[in-house]
Amino acid sequence: MTLNFSCKWRFGLCTVFLILFGCNASGPSSELITSSLKELHDEALIGMLSHLENIEISDTERTGDNRSRVSVRYELVFDIDFANAIRIVADPGSASEAERMRFRDYLGILGTVELTGLTSLYGEFEKDQRFDVARVVDFVKIKGKWIAQP
């Protein structure tokens, strides 16, 4: 009887460890990856100019304890053309009040520099122009939550 209880106890303990190890090894969920990618996009100037569509997760790789590297592909779709974007950030006086409020953190030299950087990647983009993008996003598990690294 004692031997049977001991075997069941060990089996139960091993099962719990396997479940815990499996949960820890799984990495961030696809929903978290998608929402984090959109959040990272929306926090930058490019997020005010475009949106993401057709997000696909192509690979998730464990890179260490509580670290994962995720490869994603998506379509970047511009909602505004370059000419209007540069007008708003470089010459805020010509922009409407709504445009100035929307781009308030990027008016002037900061926005102009960032837009110049975007043209090196996308040229002088047009409204509704689409680009296929492949990107790698690193995630770190902090206090039990997966956090995307910018």
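So, a few notes on the structure that sits alongside this text.

1. Focus on the packing of aromatic side chains
And then number 1: A full pass over the atoms with the stated rule returns five aromatic pairs.
And then number 2: A ring pair is formed by Phe-78 and Tyr-122, whose centres lie 5.6 Å apart and whose planes are at 70°; its orientation type is edge-to-face. Of this pair, Phe-78 sits in strand 2 (residues 67-78) while Tyr-122 sits in helix 6 (residues 109-122), and the two are 44 residues apart along the sequence. Both residues of the pair, Phe-78 and Tyr-122, belong to the buried class.
And then number 3: For the pair Phe-78 and Phe-131, a centre-to-centre distance of 5.9 Å together with 90° between the ring planes defines the contact as edge-to-face. Of the two residues, Phe-78 sits in strand 2 while Phe-131 sits in strand 3 (residues 130-142), which places them 53 residues apart along the sequence.
And then number 4: Taken together through their ring pairs, the aromatic side chains of Phe-78, Phe-82, Tyr-122, Phe-125 and Phe-131 make up a single cluster.

2. Describing a nonpolar patch on the surface
And then number 1: On the surface, a cluster of nonpolar side chains totalling about 310 Å² of accessible area is made up of Ile-109, Leu-110 and Val-113.
And then number 2: Note on placement: Leu-110 falls in helix 6.
And then number 3: The partly exposed category is assigned to Leu-110, whose relative accessible area is 43%.

3. Some remarks on the sheet that holds strand 1 (residues 50-64)
And then number 1: One open sheet holds the four strands; their spatial order is 1-2-3-4, and the pairing between them is antiparallel. Looking at the sheet topology across the chains shown, the edges are occupied by strand 1 and strand 4 (145-149). In this sheet, adjacent strand axes meet at a mean angle of 30° when their direction is disregarded.
And then number 2: Taken together, the five bridges between strand 3 and strand 4 define a ladder with antiparallel strand orientation. When the bridges of strand 4 are listed, Asp-138 appears paired with Gln-149.
And then number 3: Of the strands in this sheet, strand 1, strand 2, strand 3 and strand 4 are in contact with helix 2 (residues 30-42), which crosses strand 1 at around 120°.

4. Considering the pairing of strand 2
And then number 1: Bridge count between strand 1 and strand 2: 11 bridges; the pairing is antiparallel. Paired with Glu-53 across the two strands is Glu-75, which belongs to strand 2.

5. Digging into the pattern of salt bridges
And then number 1: Enumeration over the complete set of coordinates arrives at five salt bridges.
And then number 2: The residue Glu-53 makes a salt bridge to Arg-130 at a minimum N-O spacing of 2.8 Å. One end of the pair, Glu-53, is in strand 1; the other, Arg-130, is in strand 3, with 77 residues separating them in the sequence.
And then number 3: Among the residues examined, Glu-53 registers a relative accessible area of 26% and is labelled partly exposed.
And then number 4: For Arg-130, a relative accessible area of 42% gives the class partly exposed.
And then number 5: A salt bridge links Glu-97 to Arg-100, with the shortest nitrogen-to-oxygen separation between them at 2.8 Å. In this pair, Glu-97 and Arg-100 both sit in helix 5 (residues 97-102), three residues apart, roughly one turn of the helix.
And then number 6: Overall, the relative accessible area of 48% leaves Glu-97 in the partly exposed class.
And then number 7: Each of Glu-53, Glu-75 and Arg-130 takes part in one network of salt bridges that share partners.

Scoring rules and cut-offs
All residue numbers here refer to positions counted from 1 along the written sequence of the relevant chain. Note on the predicted model: pLDDT of at least 70 is required for a residue's local features to be given, and 80 or more for side-chain atom pairs to be given and counted; whole-chain, interface and lining totals, by contrast, use all residues. Here the side-chain values reflect all heavy atoms present in the structure, with hydrogen atoms and water set aside. Planes of paired rings set the category: under 30 degrees apart is stacked, over 60 is edge-to-face and the rest tilted, where pairs are Phe, Tyr or Trp rings (Trp by its six-membered ring) whose centres lie within 6.5 Å. Runs of H or I in DSSP of at least four residues are treated as helices and runs of E of at least two as strands, each being numbered from the N terminus. Between buried and exposed lies partly exposed: a residue is buried under 20% and exposed over 50% of the maximum accessible area for its type, with that area taken using a 1.4 Å probe on protein chains only. Nonpolar side chains (Val, Leu, Ile, Met, Phe, Trp, Tyr) within 5 Å and like charges within 9 Å form the patches, drawn only from residues with over 30% relative accessible area and no salt bridge. For every accessible area listed, the method is Shrake-Rupley and the probe measures 1.4 Å; residues are considered covered only by the protein chains on display. Only one rule defines a salt bridge in this text: a Lys or Arg side-chain nitrogen within 4 Å of an Asp or Glu carboxyl oxygen. Pairs of strands are assigned from DSSP output, requiring at least two bridges between the strands. Only the contacting stretch of a helix is used when fitting its axis, a line to C-alpha atoms as for every element, and angles between N-to-C directions run 0 to 180 degrees. Any two residues having at least one pair of non-hydrogen atoms within 4.5 Å are treated as being in contact.

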